[in-house]
Amino acid sequence: MMSSKDKHTQKNRLLLLGLSFTVVAGLFFGTDIFSTKTADAAWYTTGGTWGYRKIITIDNQKVASTTGSNITSFPMLFSVVDADLKSTGNGGRVGQDDGCDILFTGADGSNKLSHEIEKYDATTGELVAWVNIPFLSSTSTTPLYIYYGEDDVANQWDTADGSNDVWTSGFKGVWHLGNGDSTAANFYTDSTSNAYNGTLLDSDENSAPVAGKVGSAMQLNDPDSITVPDND
C-alpha cells in the first residue's frame, strides 16, 4: 500500500485493473481486481493537488453493442469497496468525508470525465459512481483513472441543476431511488438536467427497500407510486 512518501514518486504502484463488465439493460456491472502494473500518464492538477490515483481498465471483450462498433458518451457504473477509498479519518486516503475530492480522467490522466456519485461511504470505502466514457472501444481495452486524496477542493462531481453531463440529452430521466430509502435526499431526484423530480404517493406505507440490479431498489406496493411532472 502507498504511504505518504509514495505520492507522485511511486504514484502508480497500486492500480485498479481487470474490471469485468457485462452489459445489462445498457449498464455496466463489474468487480475489481488489483494489479501492480504501472502506467505512465500525466498527473491531474487542475484546481488542487491529488495525492493518489488508480487505473481502471475496461475489457473490450466485455463491451457489447447492438451494432458491434464502438460506443460513445456512455455512462458507466463504477461500483467498488476499497479500503483506500475510505476517508483519511477512517484510515483511508480520500481527503473529504463526502468524497467530493474523488474524480475520474481519461487514459491521458489529465482529461477530466463527468461523473455522478450515487453513494459514498467514508467508513467502508464503498463508492457507487456513474462516469461518462467519451469513447468505449469494442476492439481494445479502455483505460481511465480515479483520483482522490485532496482535502481542500470544491465538489468534483456533476450536479443535476443543468450542469450534469453524465446523462446526455438522450436520457429523459434517471432516478436512483436513494438505494431504496424513501427518506434519502436523492430518492425522488432526477439526475438528468431535465430535473423531473418525483413525488412519492405512499398510501399504505408498505413500500420497502429490496435487492435490485444496482444496489438496493424500492418495491412499491399497490397503490403506492412515484409521480413526475407532465412533459410531452
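Values in this document were obtained by computation on a predicted structure and should not be read as measured data. (Residues numbered from 1 in each chain as written. Predicted model: local features only at pLDDT ≥ 70, side-chain atom pairs only at ≥ 80, totals over all residues. Heavy atoms only, no water.)

S.K.: Would you take a moment to explain the overall build of the chain for this structure?
M.R.: For the chain, the count of helices and strands is zero helices and 15 strands. Considering only residue pairs separated by 6 or more positions, the chain has 64% of its internal contacts joining residues 24 or more positions apart. On the chain, roughly 11300 Å² of surface is accessible, and the fraction owed to carbon and sulfur atoms is 48%. (Helix = DSSP H or I, 4+ residues; strand = E, 2+ residues; numbered from the N terminus. Contact = heavy atoms within 4.5 Å. Areas by Shrake-Rupley, 256 points an atom, 1.4 Å probe, with all protein chains shown as cover.)

S.K.: What's the story with the nonpolar core in this structure? I'm lost.
M.R.: One broad rule of soluble globular proteins: the nonpolar side chains tend to lie buried together. In terms of nonpolar packing, the biggest core is built from 25 residues, with F78, I102, F104, L127, L144 and I146 touching the most fellow members. Of all hydrophobic cores here, the second largest spans eight residues; its members include I55, Y145, Y147 and V153. (Core = buried A, V, L, I, M, F, W, Y, C linked by side-chain atoms within 4.5 Å. Buried < 20%, exposed > 50% of the residue type's maximum accessible area, 1.4 Å probe, protein only.)

S.K.: Got a minute to help me understand the pairing of strand β9 (residues 115–121) in this structure?
M.R.: Remember that side chains alternate between the two faces of the sheet whenever the strand is regular. For β9, the buried fraction is high: five of the seven residues fall into the buried class. Here β9 pairs with strand β10 (residues 126–136) via six bridges, running antiparallel. Residue pairing across strands places H115 opposite V131, the latter belonging to β10. Connecting β9 to the antiparallel partner β10 that follows it, the hairpin turn spans four residues, and G125 within it adopts a positive phi of roughly 80 degrees. (Pairing = 2+ DSSP bridges.)

S.K.: Looking at this structure, how should I read the sheet that holds β10?
M.R.: Either a parallel or an antiparallel arrangement is found when strands of a sheet pair, and the pairing is made through backbone hydrogen bonds. Pairing in this open sheet of three strands is antiparallel, and the strands run β6-β10-β9 from one edge to the other. On the outer flanks of this sheet lie β6 (71–81) and β9, each paired with one strand and no other. The sheet shows a mean angle of 20 degrees between the axes of neighbouring strands, taken without regard to direction. (Axes fitted to C-alpha atoms, helices over the stretch in contact; angles between N-to-C directions.)

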